[in-house]
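Structure at a glance
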Amino acid sequence: MESIANVLALRYASSAMRDIWSPRGRVLLEREFWIAVLKAQHDLGLPVPSEAIADYERVKDQIDLDSIRQREQVTRHDVKARIDEFCALAGHEHIHKGLTSRDLTECVEQLQIYRALELARVKAVAALVAISKRAGEYKNVLLTARTHNTPAQLTTVGKRWAMFGEEMLLALEALDHLIERFPCRGLKGAVGTQLDQLTLFRGDAAKVVQLEGRLLTHLGISRALMAPGQVYPRSLDFEVVSMLYLLGSGPSSFAKTMRLMAGYELAGEGFAIGQVGSSAMPHKMNSRSCERLNGLHVVLRGYVTMAEGLAGDQWNEGDVSCSVVRRVMLPDGFFAFDGLIETFLTILQQMEVNTAVVERELRNYLPFLSTTTVLMEAVKAGVGRELAHDVIREHAVATARDMRAGKLRENDLFQRLAGDPRLGLDIATLERLGREARTHAGAAGAQVDRFVRAVLPWRERFPASSSLKPEPIL
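Quick caveat, the model's predicted, so the values are computed rather than measured.

1. Comments concerning helix H4 (residues 50-59)
- Within the sequence span of H4, burial applies to Ala52, Ile53, Tyr56 and Val59. The buried residues of H4 occupy one face: seen down the axis, they fall within an arc of 140 degrees. In this structure, H4 carries Glu51 and Arg58 as exposed residues pointing more than 90 degrees from its buried face.
- Residues of H4 that are buried in the fold lie against helix H3 (23-43) and helix H6 (78-90).

2. Thoughts on the pairing of strand S1 (residues 142-147)
- With five of six residues buried, S1 is to be regarded as a mostly interior element.
- Here S1 runs beside strand S2 (residues 150-156); their pairing, made up of five bridges, is antiparallel. Bridging from a neighbouring strand, Thr144 pairs with Leu154 of S2.
- Counting the residues that bridge the hairpin from S1 to S2 gives two residues, and of these His148 lies at a positive phi of roughly 60 degrees.

3. Points about the environment of Leu225
- Relative to the elements of secondary structure, Leu225 occurs in the loop between strand S4 (223-224) and helix H11 (235-263).
- Between the C-alpha atoms of Leu225 and Val357, which are 132 residues apart in sequence, the distance is 57 Å.
- Among all residues touching Leu225, those that are not within four sequence positions of it are Pro183, Cys184, Arg185, Lys188, Tyr232 and Pro233.

4. Examining the packing of H3 against H4
- At their nearest, the axes of H3 and H4 sit 10 Å apart, and the two run at 165 degrees to each other. On the basis of the axis angle, H3 is roughly antiparallel to H4. You can see that H3 and H4 cross each other, and the crossing is left-handed. Between H3, through Arg31, Ile35, Leu38, Lys39 and His42, and H4, the contact on the second element is made entirely by Ser50, Ile53, Tyr56, Glu57 and Val59.
- Among the residues making up the contact of H3 with H4, the classes are represented as five nonpolar, two polar and three charged.

5. Considering the pattern of salt bridges
- Here the structure, examined in full by the defined rule, presents 38 salt bridges.
- Between Asp338 and Lys123 there is a salt bridge, and its shortest N-O distance comes to 2.7 Å. Of this pair, Asp338 sits in helix H13 (residues 323-350) while Lys123 sits in helix H7 (residues 101-137), placing them 215 residues apart in sequence.
- Look at Lys123 and you get buried, because its relative accessible area is 3%.
- One salt bridge connects Arg134 with Glu137, and the closest N-O pair in it is separated by 3.4 Å. Of this pair, Arg134 and Glu137 are both found in helix H7, three residues apart, which corresponds to roughly one turn of the helix.
- Classification of Arg134 as buried rests on a relative accessible area of 12%.
- Classification of Glu137 as partly exposed rests on a relative accessible area of 48%.

Conventions we followed
Residues numbered from 1 in each chain as written. Predicted model: local features only at pLDDT ≥ 70, side-chain atom pairs only at ≥ 80, totals over all residues. Heavy atoms only, no water. Buried < 20%, exposed > 50% of the residue type's maximum accessible area, 1.4 Å probe, protein only. Helix = DSSP H or I, 4+ residues; strand = E, 2+ residues; numbered from the N terminus. Arc of directions from axis to C-beta. Contact = heavy atoms within 4.5 Å. Pairing = 2+ DSSP bridges. Axes fitted to C-alpha atoms, helices over the stretch in contact; angles between N-to-C directions. Parallel < 35°, antiparallel > 145°, perpendicular 65-115°, else oblique. Left-handed = near helix turned anticlockwise from the far one by under 90°. Nonpolar A, V, L, I, M, F, W, Y, C, P; charged D, E, K, R; others polar. Salt bridge = Lys/Arg side-chain N within 4 Å of Asp/Glu carboxyl O.

Shape descriptors only; they carry no functional weight alone.
This is how it looks when you write it as C-alpha cells:
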C-alpha cells in the first residue's frame, strides 16, 4: 500500500525534532532503557549475566520495524512485540524483569517529551535573540500605531517587535520552570506500588529506591513522582501541550500583525528569488510564511483541546483509553510547534521594513496621532477637558471623511483646529506640537532597550541559540 506521510513531521518540523519522535528512535530509547535497568539490577545483586547485558548492547541498533510490526499483529500488544524482538536478537530473556508496560512506555515517552522541551527552549531563545536584534535595529523608526486596526498614537517599529517578543519571553520563563520541575513516573509497577521490584529484591526497599535513582540518572530527569498509579497524571501532558501553545502565541500575534502590515506595504516577510505569490497574479508577494505560522498555531490549539480531554479523566490507577490520543497529540503537538518556530526564525531572518512607506503613512496621519497631546495642551490653557475633546473629535472626523472622499491632498486638521476659537490654540502652537511629536514616541525606545537587556541572560545561558539557523522551509 502507498504510505501516507505525516504532514506535520515531513513538511514542517525540523530533522532534530523528527529524530526525537521517530519510530526507530523510540525503539532505540526503549532498548537503552531496558539495558540501563538491567545493568542497575545486575549491580544491585540480581542474577543477570554480564554476557547477556553485552549481547543486548551488541544488537540494540539492529532495528527492524517491519519485524516488530509482524510480531504485534500476533500479540496485539506493542510492548510484548518489542520485548520478543529484542530478546530474539540478543538470544536472552533478561530484560523487563519486574516491569510492566507502563514502566517502559511512560518513562520513555516522558524522556521524549523532556528532550523535545529542551529543544523547544533552545529554539525559543534563538527566536528571542533574533527578534531582540530586530527590535534594536528599528527601535527609533517611528510608526503609526494601531488599535482596533485604526491609527492611534505614535510608536516605533522596534517597540512593536519588542511587544510580541516580551510575550514569548514570559512563556519561555514558564517553560524553563516546567523543565526544571518536570517529574518522571519512574519504576512503579502495574498499579504504582512497586510490588514486583520489591519481590525481585526480596523486600529490600533501599535497593528499589537505588534502582529508580539509577534510572533517573540514565534519563537525565531529576525527580520522580512519589505515588502515581499505572500512569502519570495526564494533566502533565496538558501542561506540556499548553506550554507549546503559549510559546507560539507571541510569534502568532507577530505573524498576524506582519500580514496586516504587508497589506499596507509597510513591511514584508521577505520574498525569495524565483518565489511565486500567485499562479494567476504575477505581482502578488503574499505573506505565506506568516499565514503558515498562524495556521500551525491553530493546529496547536487543537492538541490543547485533546490534552484537556485527558486531564482529570483517569479511571482508578489507569487504563489505555488515553493511548490513541497521546500517540497523535504528543509527537504532532511538538511537530506543529517546531514547524511554527522554524517558520518564525525564517521570517525574522528574511523580513523587511519598508521605511519609505512607513514615513509616508506617518506624515499622512501625524495630525491625528497628535490629538491626545493637543488635548492636554488645550486643558493646560484652561479649556474644559470634555469640550476640548468634543472640538478635536468633530474636526478629526470631518477631516478623515474628507480625506477618504478624495477632497484633500494633505491632512489639514491643524488648520481646522486653529480656526476654531473654542479650542484657543493657534496654528504655530499646533504645528509645534506636530513637530515635537515626530521627535519621540513616549518611552518606546527605553522599553525596547529593557527588552533587549532581558534577552541577554538567555543568550548567554544558551550560547548555541545565537548561531542556530532554521532549516530551509518549503
